[in-house]
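The chain contents come next:
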Amino acid sequence: MDRTRTDRDERNAASLARMRSFVERLTDEDLGRPLANGWTAAADIAHLAFWDRRASVILDRWARVGVSPSGADYDAINDAMLPQWLLIPPRAAVADALAAGEEINGKIAALTDDLAAAIKDGEVIRLDRSLHRADHLDELERSFS
(Lines give C-alpha, C1' and ligand atoms only; values in the text may rest on other atoms or scores of the structure.)
Protein backbone atom coordinates (compact mmCIF):
# COMPACT_ATOMS: atom_id res chain seq x y z
CA MET A 1 0.00 0.00 0.00
CA ASP A 2 1.36 3.41 -0.88
CA ARG A 3 2.05 6.10 1.70
CA THR A 4 -0.71 8.39 0.38
CA ARG A 5 -3.36 5.73 1.00
CA THR A 6 -1.91 4.93 4.41
CA ASP A 7 -1.93 8.62 5.36
CA ARG A 8 -5.54 9.00 4.17
CA ASP A 9 -6.64 5.92 6.11
CA GLU A 10 -4.92 7.25 9.23
CA ARG A 11 -6.65 10.63 8.82
CA ASN A 12 -10.00 8.87 8.39
CA ALA A 13 -9.42 6.83 11.54
CA ALA A 14 -8.27 9.88 13.51
CA SER A 15 -11.29 11.93 12.44
CA LEU A 16 -13.64 9.17 13.52
CA ALA A 17 -11.85 8.91 16.87
CA ARG A 18 -12.15 12.68 17.22
CA MET A 19 -15.89 12.49 16.51
CA ARG A 20 -16.31 9.65 19.01
CA SER A 21 -14.45 11.59 21.70
CA PHE A 22 -16.47 14.73 21.04
CA VAL A 23 -19.93 13.16 21.00
CA GLU A 24 -19.22 11.09 24.10
CA ARG A 25 -18.73 14.34 26.03
CA LEU A 26 -22.09 15.76 24.94
CA THR A 27 -25.24 15.44 27.00
CA ASP A 28 -28.64 14.81 25.42
CA GLU A 29 -29.36 18.50 26.05
CA ASP A 30 -26.17 19.46 24.21
CA LEU A 31 -27.12 17.29 21.25
CA GLY A 32 -30.48 19.06 21.01
CA ARG A 33 -28.97 22.52 21.27
CA PRO A 34 -30.09 24.79 18.44
CA LEU A 35 -27.38 25.91 16.05
CA ALA A 36 -27.51 28.28 13.08
CA ASN A 37 -30.13 27.96 10.35
CA GLY A 38 -32.42 25.57 12.24
CA TRP A 39 -29.81 22.86 12.78
CA THR A 40 -29.00 21.10 16.05
CA ALA A 41 -25.82 19.32 17.05
CA ALA A 42 -27.62 15.96 16.59
CA ALA A 43 -28.84 16.96 13.12
CA ASP A 44 -25.29 17.92 12.18
CA ILE A 45 -24.08 14.53 13.35
CA ALA A 46 -26.92 12.79 11.44
CA HIS A 47 -25.77 14.75 8.38
CA LEU A 48 -22.30 13.23 8.74
CA ALA A 49 -23.84 9.76 8.96
CA PHE A 50 -25.87 10.34 5.80
CA TRP A 51 -22.92 11.49 3.70
CA ASP A 52 -20.69 8.67 4.95
CA ARG A 53 -23.46 6.18 4.09
CA ARG A 54 -23.89 7.71 0.64
CA ALA A 55 -20.16 7.26 0.03
CA SER A 56 -20.43 3.65 1.20
CA VAL A 57 -23.31 2.90 -1.17
CA ILE A 58 -21.44 4.46 -4.08
CA LEU A 59 -18.28 2.46 -3.34
CA ASP A 60 -20.34 -0.75 -3.26
CA ARG A 61 -21.87 0.09 -6.65
CA TRP A 62 -18.51 1.01 -8.13
CA ALA A 63 -17.01 -2.26 -6.90
CA ARG A 64 -19.76 -4.12 -8.80
CA VAL A 65 -20.07 -2.11 -12.01
CA GLY A 66 -17.13 0.29 -12.21
CA VAL A 67 -16.73 3.97 -11.47
CA SER A 68 -19.39 6.18 -13.00
CA PRO A 69 -20.85 9.64 -12.37
CA SER A 70 -23.16 10.05 -9.40
CA GLY A 71 -24.08 13.68 -9.20
CA ALA A 72 -25.71 15.40 -6.29
CA ASP A 73 -26.97 18.88 -5.48
CA TYR A 74 -25.46 18.93 -2.00
CA ASP A 75 -27.22 22.06 -0.78
CA ALA A 76 -30.64 20.85 -1.97
CA ILE A 77 -30.08 17.43 -0.40
CA ASN A 78 -29.00 18.98 2.91
CA ASP A 79 -32.01 21.32 2.91
CA ALA A 80 -34.39 18.47 2.08
CA MET A 81 -32.93 16.11 4.65
CA LEU A 82 -32.72 18.57 7.57
CA PRO A 83 -36.34 18.04 8.72
CA GLN A 84 -35.73 14.27 8.83
CA TRP A 85 -32.37 14.64 10.59
CA LEU A 86 -34.12 16.76 13.24
CA LEU A 87 -36.54 13.89 13.90
CA ILE A 88 -33.80 11.38 14.69
CA PRO A 89 -33.32 10.87 18.43
CA PRO A 90 -29.96 12.45 19.32
CA ARG A 91 -28.29 9.28 20.64
CA ALA A 92 -29.50 7.37 17.57
CA ALA A 93 -27.89 10.02 15.35
CA VAL A 94 -24.62 9.61 17.26
CA ALA A 95 -24.71 5.81 17.03
CA ASP A 96 -25.50 5.95 13.31
CA ALA A 97 -22.72 8.44 12.58
CA LEU A 98 -20.15 6.31 14.38
CA ALA A 99 -21.35 3.13 12.64
CA ALA A 100 -21.41 4.82 9.24
CA GLY A 101 -17.93 6.20 9.84
CA GLU A 102 -16.57 2.77 10.74
CA GLU A 103 -18.24 1.28 7.67
CA ILE A 104 -16.92 3.80 5.15
CA ASN A 105 -13.45 3.93 6.70
CA GLY A 106 -13.23 0.16 6.35
CA LYS A 107 -14.40 0.18 2.75
CA ILE A 108 -11.97 2.91 1.78
CA ALA A 109 -9.08 1.13 3.48
CA ALA A 110 -10.00 -2.08 1.62
CA LEU A 111 -10.25 -0.52 -1.86
CA THR A 112 -8.37 -2.37 -4.54
CA ASP A 113 -5.56 -0.41 -6.14
CA ASP A 114 -7.46 -0.45 -9.46
CA LEU A 115 -10.66 0.91 -7.97
CA ALA A 116 -8.80 3.51 -5.91
CA ALA A 117 -6.96 4.65 -9.04
CA ALA A 118 -10.21 4.93 -11.00
CA ILE A 119 -11.83 7.21 -8.42
CA LYS A 120 -11.25 10.90 -8.98
CA ASP A 121 -11.10 11.81 -5.30
CA GLY A 122 -13.57 14.51 -4.38
CA GLU A 123 -15.40 14.47 -7.70
CA VAL A 124 -18.26 12.27 -6.48
CA ILE A 125 -17.10 11.29 -3.01
CA ARG A 126 -14.14 12.19 -0.87
CA LEU A 127 -12.04 9.19 0.02
CA ASP A 128 -10.50 11.37 2.70
CA ARG A 129 -13.58 11.48 4.95
CA SER A 130 -11.62 13.46 7.54
CA LEU A 131 -12.10 16.65 5.51
CA HIS A 132 -15.91 16.66 5.81
CA ARG A 133 -15.83 15.48 9.41
CA ALA A 134 -13.31 18.18 10.38
CA ASP A 135 -15.44 20.94 8.87
CA HIS A 136 -18.38 19.92 11.04
CA LEU A 137 -16.45 19.00 14.16
CA ASP A 138 -14.60 22.33 14.09
CA GLU A 139 -17.92 24.15 13.90
CA LEU A 140 -19.54 22.01 16.58
CA GLU A 141 -16.58 22.35 18.93
CA ARG A 142 -16.66 26.14 18.51
CA SER A 143 -20.36 26.19 19.41
CA PHE A 144 -19.67 24.29 22.65
CA SER A 145 -16.60 26.23 23.78
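An account of the accompanying structure is given in this report. Fair warning: this is a prediction, and the values are worked out from it, not measured in the lab.

1. Description of the overall build of the protein
Inference 1: Within the protein one finds 7 helices and 0 strands.
Inference 2: Across the protein, helices and strands are ordered from the amino to the carboxyl terminus as α-α-α-α-α-α-α.
Inference 3: Computed over the C-alpha atoms, the radius of gyration of the protein is 15 Å, within 12% of the 15 Å expected from 2.2 N^0.38 for a compact globule of 145 residues.
Inference 4: The buried share of the protein, reckoned over its 145 residues, is 42%.
Inference 5: Counted over contacts in the protein with a minimum sequence separation of 6, partners at least 24 positions apart contribute 81%.

2. Points about the pattern of salt bridges
Once their charged atoms are close, side chains differing in charge can pair, the charge on each being opposite to the other.
Inference 1: Inspection of every chain in the model, using the stated rule, returns 14 salt bridges.
Inference 2: Here Arg133 ties to Asp52 by a salt bridge, and the two come within 3.0 Å at their closest N and O atoms. Of the two residues, Arg133 is situated in helix 7 (residues 130-143) and Asp52 in helix 3 (residues 41-65); the sequence distance between them amounts to 81 residues. Each member of the pair, Arg133 as well as Asp52, is classed as buried.
Inference 3: Residues participating in the shared-partner salt-bridge network are Arg53, Asp60, Asp96, Glu103 and Lys107.

3. Some thoughts on helix 5 (residues 90-109)
Inference 1: With 20 residues, helix 5 should cover 28 Å at 1.5 Å per step; its first-to-last C-alpha distance of 29 Å lies within 8% of that length.
Inference 2: Among the residues of helix 5, Ala93, Val94, Ala97, Leu98, Ala100, Gly101, Ile104, Asn105 and Ile108 are the ones counted as buried. All buried residues of helix 5 project into a common sector of 165° when viewed along the axis, lining one side.
Inference 3: On its buried face, helix 5 sits against helix 1 (3-25), helix 2 (28-31), helix 3 and helix 7.

The rules behind these values
- Residues numbered from 1 in each chain as written.
- Predicted model: local features only at pLDDT ≥ 70, side-chain atom pairs only at ≥ 80, totals over all residues.
- Heavy atoms only, no water.
- Helix = DSSP H or I, 4+ residues; strand = E, 2+ residues; numbered from the N terminus.
- Rg over C-alpha atoms; globule rule 2.2 N^0.38 Å.
- Buried < 20%, exposed > 50% of the residue type's maximum accessible area, 1.4 Å probe, protein only.
- Contact = heavy atoms within 4.5 Å.
- Salt bridge = Lys/Arg side-chain N within 4 Å of Asp/Glu carboxyl O.
- Expected span 1.5 Å × (residues − 1).
- Arc of directions from axis to C-beta.

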